[in-house]
Structure formats: structure tokens, C-alpha cells
Amino acid sequence: PPRSTLFPYTTLFRSCYLYLGQANTISADTISIGRQKTSATLQFNPIYPNVAPYPTVTLEGYSAGAVGLFEVGGGALNTGTTTLTADADLTGGIVNAKINTLTVGMASTSTTGSGTTTGKLEFDAGAISASTANVGWHTVANASKIGNGTITIGTNPTIGANATLSVSGNLN
């Protein structure tokens, strides 16, 4: 099945940006924003947020109804001393997402090196539904690899809508 690595990892330590348009649907089984050693930002194009008609993004699975993994800041197996920052800033638009596993800020599972993986997810209108949410996830493989995660759920008075995150299973 297709895998959407929106920001593939590299050893060049570059930052990547993806700007969403007015109406967006992403159908994929895995979506990674900022992975391994590449920092990344996903957001609505700055000309669209909070301007009617409001921008939208729908995240759905390709081979199933839900995205299997939506990852914002995945340290994966990055080795050495590396720092990664990823941001999915979906404020100013309407989000509709069905996700099996939502991970925000996962430390590397590598047994060597050190560093911090930081992930941020922000939205202020719409709904994200996840079976499992992992926020600021550390592994036992290496205490020097740190995962910091933040999810900000707000209200958008301009759009006139609230944001909702529902987790039907585990919140880690």
C-alpha cells in the first residue's frame, strides 16, 4: 500500500515545508511529517487560513477507512547527536481526520547518540479521531534520545467552530 512520507528523512539536516491548498484530501496508510533527521512543517498556505471559504483537509486511509499512522516528529532510527522539529499547524482551517495511531514527538529508537525529537500538532476547527495517541514518546533503547510532543486543540471564532480530538483507546 502507498506510504506518504511527506517529508522524507535525509542526512543533510534540511527543513521541508508543505503548504496545503483550499480543499485537500490525503488518502494514505502512513503519513510522516518530519522524520529521522529532517525537520518539517505542514500548514495551510498563508493566503487561506481564516478566509471564507475556509480551507479544509481530510486525512483518510488508502486501503482502510483510517490512516494507519499519522506521525509528526518521528525520530525513527536516527543515529548520532541529532535534533528534529516537526509541526503540523492546521489552524485557520477545518480538519477531518480518522487515524489509527497518532504519534507526536517520538524519540529515536537508536541505541547510539543523543538528541531531541520535537513534534507539534495544532488545529482549531474540525475533528481528529484516533484509536491510540502517543505524545512525547520515549523509548527504553537510549535515555539520551528524547521525544517532546505537544497537541494544541483550540477554538476558532472566525470560522465559528471548535476543534475536537477523540481518542477511543490508549493515550500514551
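Because the structure is a prediction, the values reported are computed rather than measured.

Before going further, it helps to spend a moment on the sheet that holds strand β2 (residues 15–20). Overall, parallel pairing links the 5 strands, which are arranged β2-β5-β8-β10-β12 in an open sheet. Among the strands making up the open sheet, the edge pair consists of β2 and β12 (145–153). Direction aside, neighbouring strands of the sheet carry axes that sit 10 degrees apart on average.

This paragraph deals with the nonpolar core. Among the nonpolar cores identified, the biggest contains 27 residues, and Ile31, Ile33, Leu59, Phe70, Leu90, Ile99 and Leu102 are the most heavily contacted of them. Per element, the largest residue contribution to this core is 5 residues, and it comes from strand β9 (residues 94–106). Dropping the residues within four chain positions of it, Leu59 is found in contact with Ile26, Ile31, Val67, Phe70, Asn96, Ala97 and Lys98.

One pass over the full model with this rule turns up 1 salt bridge. Put simply, Arg35 and Glu71 hold a salt bridge, and the shortest N to O gap is 2.9 Å. A residue pair is termed long-range when its members are at least 10 positions apart, and Arg35 in strand β4 (residues 30–35) and Glu71 in strand β7 (residues 67–74) qualify at 36 residues. Both residues of the pair, Arg35 and Glu71, belong to the buried class.

What follows deals with the environment of Gln43. With respect to the element layout, Gln43 can be found in strand β5 (residues 39–44). In this structure the C-alpha to C-alpha distance between Gln43 and Lys145, which are 102 residues apart in sequence, comes to 27 Å. Not counting residues within four places of it along the chain, the set of residues in contact with Gln43 comprises Leu18, Tyr19, Leu20 and Asp89.

With that settled, the discussion passes to the packing of aromatic side chains. Counted by the stated rule, this structure contains 1 aromatic pair. Each ring, one from Tyr17 and one from Tyr19, has its centre 6.5 Å from the other, and the planes form 5 degrees; the classification is stacked. With a relative accessible area of 52%, Tyr17 lands in the exposed category. Residue Tyr19 is classed as partly exposed on the basis of its relative accessible area, which comes to 44%.

About the cut-offs
Residues numbered from 1 in each chain as written. Predicted model: local features only at pLDDT ≥ 70, side-chain atom pairs only at ≥ 80, totals over all residues. Heavy atoms only, no water. Pairing = 2+ DSSP bridges. Helix = DSSP H or I, 4+ residues; strand = E, 2+ residues; numbered from the N terminus. Axes fitted to C-alpha atoms, helices over the stretch in contact; angles between N-to-C directions. Core = buried A, V, L, I, M, F, W, Y, C linked by side-chain atoms within 4.5 Å. Buried < 20%, exposed > 50% of the residue type's maximum accessible area, 1.4 Å probe, protein only. Contact = heavy atoms within 4.5 Å. Salt bridge = Lys/Arg side-chain N within 4 Å of Asp/Glu carboxyl O. Phe/Tyr/Trp six-rings, centres within 6.5 Å; stacked < 30°, edge-to-face > 60°.

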